[in-house]
Amino acid sequence: MTNIDQVLDRPAKRVLAFSGSVRRESWNSLLLNIAADALRSHGVSVRGISLRDYALPIYDGDLEESRGVPQSVLELRGLIREHDGLLVACPEYNGSVTPLLKNALDWCSRPCDGLGGLEPFQLKPVLIVGTSIGPFGALRAISHLRAIMSKMGAAVVPEDLALPNAQAAFRSGALADPDMEEVVKALTWRLAEQLPGPRKDRS
Ligand SMILES: Cc1cc2nc3c(=O)[nH]c(=O)nc-3n(C[C@H](O)[C@H](O)[C@H](O)COP(=O)(O)O)c2cc1C
């Protein structure tokens with residue numbers, strides 16, 4: 001699929017991609033990479049980051065009051081703000097989102113750069129994908145993340161992907177089922193078409 005920006009030779013829209021797991025062999029990070037490639041095939045520029053690189057402490061109001069918001073939060077929040085949309089891979093721990101992911105979102109919702117706490121998330125298109133080794137494929141965590149990010153003001157794409165049985169779902173770093181590749185292409189297209197037009201205020 002060719003998007004309108006490619007046809008009109010406009011600058012690519014930009015999406016920030018991150019996973020709620022930083023485990024070396026993370027299935028969710030693998031799924032994130034596959035979805036990011038699909039998004040790139042739609043003409044979107046995708047920047048993948050690891051939340052490990054931000055080493056965020058557990059949110060603590062006293063820490064915030066005494067030392068301010070950590071520099072790494074400012075950086076991550078700045079990245080979220082300057083991208084047109086988000087692609088998030090959501091693993092499931094005990095039926096919900098991972099603490100790593102929730103903690104990062106909580107920190108990034110704090111007002112710290114002269115803007116309202118939730119400003120970077122307002123109407124930001126977000127696509128959620130997730131996988132787990134179980135039969136429900138992170139379905140419960142994804143629904144929680146949808147609720148969390150909607151509460152933060154994001155425009156979460158109505159469709160998402162919950163890929164079950166992760167250990168069988170991938171082969172040689174790709175999706176084992178070619179039909180699933182098509183699902184990911186269609187899903188990432190839904191995000192691509194929801195991204196706002198080129199922003200005037202970006203470099
Ligand atoms: C603390 C913990 C809780 C988990 N709870 C669930 C769960 O509720 N549902 C599920 O399908 N898998 C659960 N799992 C298994 C994960 O799906 C599995 O560890 C998966 O590989 C995590 O994602 P990752 O590969 O991206 O790190 C849990 C794993 C951990 C470590």
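Throughout, a residue's number is its position along its own chain's written sequence, starting from 1. In view of the model being predicted, local features appear only for residues whose pLDDT reaches at least 70, and side-chain atom pairs are presented and counted only at 80 or more, with totals across whole chains, interfaces and linings using the full set of residues. Each side-chain value is worked out from all heavy atoms of the structure, with water and hydrogens disregarded.

A. Inspection of the overall build of the protein chain at higher detail. Strands are runs of DSSP state E lasting at least two residues, helices are runs of H or I lasting at least four, and both sets are numbered from the N terminus onward. The helix and strand inventory of the protein chain stands at eight helices and eight strands. Each radius of gyration reported is based on C-alpha atoms, and the globular scaling rule is 2.2 Å times the count of residues to the power 0.38. Against the globule reference of 17 Å for 203 residues, the protein chain gives a C-alpha radius of gyration of 17 Å, in line with a compact fold. Projected onto its principal axes, the C-alpha coordinates of the protein chain cover approximately 50 × 45 × 25 Å. For the exposure calls, accessible area comes from a 1.4 Å probe over protein chains only, and a residue counts as buried if that area is under 20% of its type's maximum, exposed if over 50%, partly exposed in between. The buried share of the protein chain, reckoned over its 203 residues, is 48%. Whether two residues are in contact is decided by their heavy atoms, any of which lying within 4.5 Å being enough. Taking the contacts inside the protein chain whose residues are at least 6 apart along the sequence as the reference set, 80% of them involve residues at least 24 apart. Here the Shrake-Rupley method, with its probe set to 1.4 Å, supplies the accessible areas, and only the displayed protein chains count as covering residues. As presented, the protein chain carries roughly 10,000 Å² of accessible surface, and 52% of it is formed by carbon and sulfur atoms.

B. Structural detail: the nonpolar core. Only buried Ala, Val, Leu, Ile, Met, Phe, Trp, Tyr and Cys residues count toward a nonpolar core, and they belong to the same one when joined by side-chain atoms within 4.5 Å. With 33 residues, the main nonpolar core has L76, L86, L145 and M149 as its most contacted residues. Mapped onto this core, the elements with two or more residues apiece are β1 (14-19), α4 (71-82), β3 (85-89), α5 (99-108), β4 (125-131) and α6 (139-151). Excluding its chain neighbours within four sequence positions, the residues that come into contact with L86 are V15, L16, F18, I80, F121, K124, P125, V126, L127, M149 and L191.

C. Highlighting the site of the ligand. A molecule or strand has a residue near it when one of that residue's heavy atoms lies within 4 Å. Around the ligand, the surrounding shell holds 14 residues, and the nearest of these are S21, R23, S26, N94 and S132. One of the side-chain nitrogen or oxygen atoms of R23 is found 2.7 Å away from an oxygen atom of the ligand. Counted as a polar contact is a pair of N or O atoms within 3.5 Å, where, for protein atoms, one must be capable of donating a hydrogen and the other of accepting one, and residues adjacent in sequence contribute only when both atoms are in side chains. Measuring from an oxygen atom of the ligand, one finds a side-chain N or O atom of S132 at 2.7 Å. Burial of the ligand by the protein chains amounts to 72% of its free accessible area of 620 Å².

D. Here's a closer look at unusual backbone geometry. Although it is not a glycine, A138 sits at a positive phi angle of roughly 70°. Tracing the backbone through its elements, the reader meets A138 in the loop between β4 and α6. For S172, which is not glycine, the phi dihedral falls at a positive 50°. Its relative accessible area of 80% is what places S172 among the exposed residues.

E. Just the pattern of salt bridges, in detail. A pair is scored as a salt bridge if a Lys or Arg side-chain nitrogen falls within 4 Å of a carboxyl oxygen belonging to Asp or Glu. For the coordinates displayed, the defined rule picks out ten salt bridges. Among the salt bridges present, the one from R77 reaches D113, with a minimum N-O distance of 2.9 Å. Here R77, found in helix α4, pairs with D113, found in the loop between α5 and β4; they are 36 residues apart in sequence, far enough to count as distant. A relative accessible area of 0% means that R77 is categorised as buried. The residue R190 makes a salt bridge to E193 at a minimum N-O spacing of 2.7 Å. Here the residue R190 and the residue E193 both occupy positions in helix α8 (residues 178-194), the gap between them amounting to three residues, near one helical turn. On the basis of relative accessibility, which here comes to 24%, the residue R190 falls in the partly exposed class. Under the relative-accessibility criterion, E193 is labelled partly exposed at 44%. Within this structure, R77, R81 and D113 form a network of salt bridges that share partners.

F. Up close: the packing of α4 against α5. Between N-to-C directions, angles cover 0 to 180 degrees, with each direction set by a line fitted to C-alpha atoms, over the stretch in contact for helices. Between α4 and α5, the least distance of the axes is 9 Å, while the angle of their chain directions is 85°. The orientation of α4 relative to α5 falls into the category roughly perpendicular. Residues V73, L76, R77 and I80 of α4 form the contact with α5, whose participating residues are A104, W107 and C108. Charged residues are taken to be Asp, Glu, Lys and Arg, nonpolar residues to be Ala, Val, Leu, Ile, Met, Phe, Trp, Tyr, Cys and Pro, and polar residues to be all remaining types, Gly included. Of the residues in the contact of α4 with α5, the class split is six nonpolar, no polar and one charged. Roughly parallel covers angles under 35 degrees, roughly antiparallel covers those over 145, roughly perpendicular covers 65 to 115, and oblique covers all other angles.

G. Highlighting the confidence of the model for the protein chain. Along the chain, pLDDT gives the predictor's confidence residue by residue, from 0 to 100. For the protein chain, mean pLDDT is 94; residues scoring 70 or higher make up 92% of the total. The element-level mean pLDDT for the protein chain is lowest in helix α1 (residues 4-7), coming to 63, with β3 highest at 99.

H. Main features of the side chain of K13. Counting through the fold element by element, K13 comes out in the loop between α1 and β1. A polar atom in the side chain of K13 sits 3.3 Å from the backbone oxygen of L195.

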